[in-house]
Amino acid sequence: MKVALIHDWLTNMGGAERVLINFKEIFTDASIYTSLYNAENLDPALRDIDVKTSFLQNKRNIDKGHQRLLPFMPMAFESFDLNEFDIILSSSSACAKGVVTKSDTMHICYCHTPMRYAWEFYYEYAETEKTLIGPFKKIFLKYFMNYMRLWDKVSSDRVDYFIANSENVAKRIWKHYRRESTVIHPPVRTKLFNISDTTEEYFLIISRLVPYKRVDLAIEAFNELGLPLIVIGDGSEKVRLENMAKANIKFLGRQPDDVIKEYYSKCRAFIFPGEEDFGIAPLEAQSSGRPVIAYGKGGALETVINEKTGVFFNEQKTFSLIEAVNKFNNMCFDKYYIRKHAEKFDEEIFKKKISDFINEKYAEFKSKKPYKVL
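Below you will find a few notes about this structure. In every chain, residue numbers begin from 1 and rise along the written sequence. For this predicted model, a pLDDT threshold of at least 70 governs which residues receive local features, and a threshold of 80 or more governs which side-chain atom pairs are given and counted, while totals over whole chains, interfaces and linings are taken from all residues. Hydrogens and water molecules were not included; the side-chain quantities draw on all heavy atoms of the structure.

**Digging into the overall build of the chain**
- Assigned secondary structure in the chain consists of 14 helices and 13 strands.
- Along the first, second and third principal axes, the C-alpha set of the chain runs to 75 × 50 × 40 Å.
- In the chain, which comprises 374 residues, the share counted as buried stands at 54%.
- Contacts are assigned to residue pairs that have any heavy atoms within 4.5 Å of one another. Once local pairs closer than 6 in sequence are excluded, the contacts in the chain between residues at least 24 apart make up 64%.
- For the chain, the accessible surface area stands at approximately 17,700 Å², while carbon and sulfur atoms represent 51% of it. Comment: elements are numbered from the N terminus, with helices defined as DSSP H or I runs of at least four residues and strands as E runs of at least two. Between buried and exposed lies partly exposed: a residue is buried under 20% and exposed over 50% of the maximum accessible area for its type, with that area taken using a 1.4 Å probe on protein chains only. Using a 1.4 Å probe, accessible areas were evaluated by the Shrake-Rupley method; residue-level cover was limited to the displayed protein chains.

**Digging into the packing of helix α1 (residues 15-26) against helix α14 (residues 347-367)**
- For helices, the fitted line uses only the C-alpha atoms of the stretch in contact; every axis is such a line through C-alpha atoms, and the angle between N-to-C directions lies from 0 to 180 degrees. Taken N-terminus to C-terminus, the directions of α1 and α14 make an angle of 60 degrees; their axes are 10 Å apart at the nearest point. In terms of orientation, α1 and α14 fall into the oblique class. The chirality of how α1 crosses α14 is right-handed. Here Val 19, Asn 22, Phe 23, Glu 25 and Ile 26 of α1 come into contact with α14, specifically with Glu 347, Phe 350, Lys 351, Ile 354 and Ser 355.
- A class-by-class count of the residues in the contact of α1 with α14 yields five nonpolar, two polar and three charged. Any angle between 65 and 115 degrees counts as roughly perpendicular, while under 35 counts as roughly parallel, over 145 as roughly antiparallel, and the rest as oblique. Left-handed describes a crossing in which the near helix is turned anticlockwise from the far one by less than a right angle; the clockwise case is right-handed. Asp, Glu, Lys and Arg are counted as charged, while Ala, Val, Leu, Ile, Met, Phe, Trp, Tyr, Cys and Pro are counted as nonpolar; the rest, among them Gly, fall into the polar class.

**Some details on the pairing of strand β1 (residues 3-7)**
- Across the five residues of β1, five count as buried, placing the element largely inside the fold.
- Should DSSP find at least two bridges between two strands, the strands are regarded as paired. Bridge analysis of β1 against strand β4 (residues 87-92) gives five bridges, and the strand direction is parallel. Within β4, the position partnered with Ile 6 by the bridge is Ser 90.

**So, the sheet that holds strand β7 (residues 181-183)**
- Within the open sheet, the seven strands sit side by side as β3-β2-β1-β4-β5-β6-β7. Their pairing is parallel. Of all the strands in the sheet, just β3 (51-53) and β7 have a single pairing partner and so form its edges. Each strand of the sheet is rotated relative to its neighbour by a mean of 25 degrees, with strand direction disregarded.
- Direction of pairing for strand β2 (residues 31-34) relative to β3: parallel, over a ladder of three bridges.

Structure below.
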């Protein structure tokens, strides 16, 4: 069987890129197709590999950012010639699932979410773009997004089987595409992390510093609490957040895995203030035996057990997070129980589930005859 892996863009590391690494470990000879590729920002596992890029690939577009290239993404993925492949496995939160395949090629989409910019995050995207392109083009953006929703729905029909990365996303797939899906949670590198005998006084955030992550909420809460908070990560919000923060909050920027591992293992708790499709970082913290204080919505509901591996706050407001931190301060957690819970999401379990699913569906796909001969 010839397998092709399709990924939206490879310009930085995140949970979706970890999924792709695991796909590549399952299908070692698979070809990788993506819209943009910037090896400098990727882990070694995704450098020096054969990646086929679209007509969008050039330094100017990489510097400009994939968000601004959204109008060209459908055409970029439709332009790939995939006729030589038996199986297409796409990793998609935008347009990767829109590739065109032959009738005897099976296409499985591992869906991180239906296209964020067109659906759940449309209004946030519109506000960001309005500041970049000017208010007079907001009307154009509205009509363009209407086209993208239509394309997104039509392109979903090209997928033979959907895998959702969470129950949260499975509901969106049904809502927007009217397609059933199988939930296989993303992989967590639990073996990378370990439990420490030492617990220090700081709370921890590890995140891209972009608006929807709601790190600003944590800054406001810890400004008021006065407790030590360490923030690891970088992004467009970094300067604004640093200007908001009082002296008890420290920003360390991006850090390598060995440093991150150390901070996870010794924090009092991991703070997760945003709403995510799934969210790998809370499970990395739990792999280190550390509890999580999370906004009780989205993927966190599938990864954190309330009052056993963490604490939820119910409103995305400063006072609600402060209440959760104060509640946490009067509780005790079993770090070995927390670690055992996280191990259920280990990447080896993920790879087995993916392999079993693909083998089962490929046999089903090859035997299915959606027609009758008279």
